[in-house]
Amino acid sequence: MKTFNSGNISQSIQSRSMTSKICLSALSLAILIGLTGCDGDDGSTGPAGMQGEMGAPGDNGTDGADGNDGANGNDGVDGADGTPGFNAATFILANNGTDNAGTIDLIDQNAAKLKTFNSGANEGVAVDKLGNLIQASDLGNGAISTICQVQSRNDGGMFNTDRDRTITGTNTTLVNPKGIHVSHKRGLVFIADFNAVQITVFGATAAGDATPLATTVTDAKPWDVTYDDVNDRLYVALTNGDVAVYDSYVDGGFVAMPTRTITPSNDAGEKISVNIHGIAYDAKTNKLVLSDVGSASDATDGSLFVINNASLADGNTSVARSIAGPASMLGNPVDISLTGSDLRVAEKSNDAVLVFSNIFSGESGDISPDSVTQTIKPESITETVMHSDMADISDSYMVNVPLMGVAVSSNPGVEGPTTGHISRLNTPLTSEFGSYNASQAIESVTFDKAGNSYTTFDNSTTSTGGIVISNKVAVHRDGEVFSLSQDSIISGDNTGLISPKGLDVASDSGLVFVAENNATTPGILVFSSCTTGDASPLITLTPSNNARPWDVDYDVATDRAFVALTNGTIAVFDEVKTKLMAGMSSITGEDRLITPATGGAAFPAPTNIHGIDYDPLSDSLIVSDVGSAADATDGKLYVLSNVGMSSGLNNVSVNIAGPATMLGNPVDIMFTGNHLYVAEKSNGLVMRYDNILTSSSGDIAASLSYSFTAPESVAILPTWLNH
């Protein structure tokens, strides 16, 4: 295992793990031989007896008879029992010992270490829907860090401000944050702040010295928290042995007082909990699992409790199951993680990860864990979550993506009531049902798979630009305004953002592609989707001949970026992420240049490509051409076929232009896999062209249209963004 140094860790990490496994039927540690269950292998068969000697041949007589076979040997000794076969999974384990605080381990279902990463944080861990690690820390000032795409980071890697972000500072009120929970549905981070004696809440995309979205003072010091996303119910583990329950916590305005308190008790109604730390909720069975460390100085008095009917439990509640005693190895079970019915325990005082299978069933008492893996001072544990298996919104891997709406940004030339607004329209383009104010002169907008918006902005007066990252705009935030309690900004000299236009997000890679249009340093700047502030691009793509990009579409399947250039051509960059992972920080010159053509000749000037969307199913590229920005009648839509490896002139298969189209300045487009939405700025319209890939060419009116003030960009909102 690699060792490394960190700003927070001055000593090298010592890898001293010893793994042992315990079978449910055994009270002592057995030898690990496999993952196939508790039945041992038979021993080897004993040696066969000696064969009898052959008789001596007589003179012209017959051979002597064979001797009798010897008796079989005794059976060998049975092999040792194996370990239970846990379902394949990976987990994040936070360490908090003298020599390993500030590191996390990626482990498998059997707690075998896969790699180590220096997050700089030491307390509670959670993984968001995009595969990013969110971790609490009280090593110095209280902090919450987001580590981008933690599973793909290198072994021995460390926190990087160009890739990752932190919430910390006086305004945050963070003191000793311990356990945390991420609401995937609402995009909120709930934090149990021990010495602040409160629950602190931030939006999942917040960063820096942000004021909390909410704080709730608790009756005793909290250690951990879990949240029922469906029923809006918050459960808080308190170190006085109680669980505080808050019904309608978010929708009720982050209610200040608990609805009820659960006190784990025996059948006689007597309180048996002392110092609850870990808490996990199973929505399928409506059960809570709690870990109790008892006395922090006692390595033998830890307990586990199961609470049935958790949503209605109140007061002294008889536990459905309790586990404690010497065989359990529970001393200071500081955190727990529930996967199905398998409970993993970060057992700090006894330096182990314990696994109790079928935690909801079985007898109470001194029960041995089903698996024990030695590790040094584990503090918190969580399962890594599966990424969404759906594509990003710009990657049309379905023939017709089901939509809940369409997002449109407004950018009038003179600041007005709609400046900075991102509106949500219904798919038939008949009404607006939501709006969010990004509080900037915004350009293009797009969304990641969690429904967070990424919006470019530029300020022509100060020649500064940036990216506004806003929490859950695709599904929430109606009537709301940008707030540092939920949102963040990438901007500053190091970013290179001066006049950014179109952008695209690759959620599963944690990358944001931005078309920087300024005349001096044009190019595609690629940022981490988790960074904030004055961060540097991870890699820059520079088209040839100082060509200026307006939009970009990155295709994750082919690792290829298609770039719309304002000189009327399309630059194609191959193996972008591959080159980034290989250590390249810049790519100068495209791999291919495509020029839209008709009859074997390029379209005559003025040509000025703005919107671009690649369809991998048909290997087609759809682009919009605004022509002259001063002409409200000369816009065009093109479809180019077989573009994956195309170069040079490419005759368009569809060419839509003319007065009936109302295309003047079609500044942005997005494809649904069937229909094309268009932001037509000069004529103040959002339009939809149906069946665009098979459409006839010519002066064709849009299938649908909606009047909108200065639409600058358009983005589809698939239904799965609300999951």
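Remember, predicted model here, so these are calculated numbers, not experimental data.

*Asks:* Account for the overall build of the protein chain, naming residues and giving values.
*Replies:* For the protein chain, the count of helices and strands is one helix and 53 strands. Out of the 723 residues in the protein chain, the part that is buried amounts to 57%. Long-range contacts, defined here as pairs at least 24 residues apart, represent 57% of the contacts in the protein chain between residues at least 6 apart. Accessible surface for the protein chain amounts to roughly 27400 Å². Of this, 49% is attributable to carbon and sulfur atoms.

*Asks:* A description of the sheet that holds strand 19 (residues 303-307) should follow, citing residues and the corresponding values.
*Replies:* An order of 17-18-19-21 is seen for the four strands of this open sheet, with the pairing classed as antiparallel. Either end of the sheet is taken by a strand with one partner, and the two such strands are strand 17 (276-282) and strand 21 (321-324). Taking each pair of neighbouring strands and ignoring which way they run, the sheet shows an average axis angle of 15°. In this structure, strand 19 lies alongside strand 21, joined through four bridges in antiparallel fashion. When the bridges of strand 21 are listed, Ser 303 appears paired with Ala 324.

*Asks:* So, the pattern of salt bridges: which residues are in play, and what are the values?
*Replies:* Two side chains carrying opposite charge are able to pair once their charged atoms lie near each other. For the structure shown, the criterion picks out 20 salt bridges. Linking Arg 233 and Asp 247 is a salt bridge whose minimum nitrogen-to-oxygen distance equals 2.6 Å. Separated by 14 residues along the polypeptide, Arg 233 in strand 14 (residues 233-238) and Asp 247 in strand 15 (residues 243-247) bring together distant segments of the chain. Residue classification places Arg 233 among the buried positions, given a relative accessible area of 14%. Lys 681 is paired through a salt bridge with Glu 712; the nearest N and O atoms lie 2.5 Å apart. Pair noted here: Lys 681 is in the loop between strand 50 (676-680) and strand 51 (685-689) and Glu 712 is in strand 53 (residues 711-718), with a separation of 31 residues, a long-range link. Sharing partners across several salt bridges, the network here consists of Asp 228, Arg 233, Asp 247 and Arg 260.

*Asks:* Talk me through empty space enclosed by the protein; I want residue IDs and the actual numbers.
*Replies:* Inspection of the entire model under this criterion finds six cavities of 30 Å³ or more. The volume enclosed by the largest cavity comes to roughly 160 Å³. In this structure, the largest cavity is lined by 18 residues; those nearest its centre are Asp 128, Leu 130, Ala 204, Ala 450 and Asn 452. Here the residues of the lining of the largest cavity are counted per class, giving six nonpolar, seven polar and five charged. Elements with a contribution of two residues or more to the lining of the second largest cavity: strand 30 (442-447), strand 34 (500-506), strand 38 (549-555), strand 44 (609-615) and strand 49 (666-671). Residues that form the lining of the second largest cavity fall into these classes: seven nonpolar, four polar and five charged.

*Asks:* Explain the packing of aromatic side chains to me, and be specific about the residues and the numbers.
*Replies:* The tally for this structure, following the rule as stated, stands at nine aromatic pairs. Site record: aromatic cluster; members linked through ring pairs are Phe 190, Tyr 227, Tyr 246, Tyr 249 and Phe 254. A cation over a ring is seen here: Arg 344 above Phe 86, with NZ or CZ 5.3 Å from the ring centre.

*Asks:* Residue-level account of the layout of surface pockets, with values.
*Replies:* Taken as a whole, the largest pocket holds about 1200 Å³ of empty space. Surrounding the largest pocket, 41 residues form its lining, His 181, His 184, Thr 226, Tyr 281 and Leu 338 being those nearest its centre. Secondary-structure elements contributing two or more residues to the lining of the largest pocket are strand 5 (125-127), strand 9 (177-183), strand 13 (222-228), strand 17, strand 22 (333-339) and strand 26 (378-383). Per-class residue counts for the lining of the largest pocket are 18 nonpolar, 12 polar and 11 charged. Taken as a whole, the second largest pocket holds about 400 Å³ of empty space.

How each quantity is defined
Residues numbered from 1 in each chain as written. Predicted model: local features only at pLDDT ≥ 70, side-chain atom pairs only at ≥ 80, totals over all residues. Heavy atoms only, no water. Helix = DSSP H or I, 4+ residues; strand = E, 2+ residues; numbered from the N terminus. Buried < 20%, exposed > 50% of the residue type's maximum accessible area, 1.4 Å probe, protein only. Contact = heavy atoms within 4.5 Å. Areas by Shrake-Rupley, 256 points an atom, 1.4 Å probe, with all protein chains shown as cover. Pairing = 2+ DSSP bridges. Axes fitted to C-alpha atoms, helices over the stretch in contact; angles between N-to-C directions. Salt bridge = Lys/Arg side-chain N within 4 Å of Asp/Glu carboxyl O. 1 Å grid on protein atoms, 1.4 Å probe; cavity = no way out; pocket = protein on both sides within 12 Å on 5 of 7 lines; lining within 4 Å. Points joined across faces, edges and corners; volume = space filled by probe spheres on them. Nonpolar A, V, L, I, M, F, W, Y, C, P; charged D, E, K, R; others polar. Phe/Tyr/Trp six-rings, centres within 6.5 Å; stacked < 30°, edge-to-face > 60°. Lys NZ or Arg CZ within 6 Å of the ring centre and 35° of its normal.

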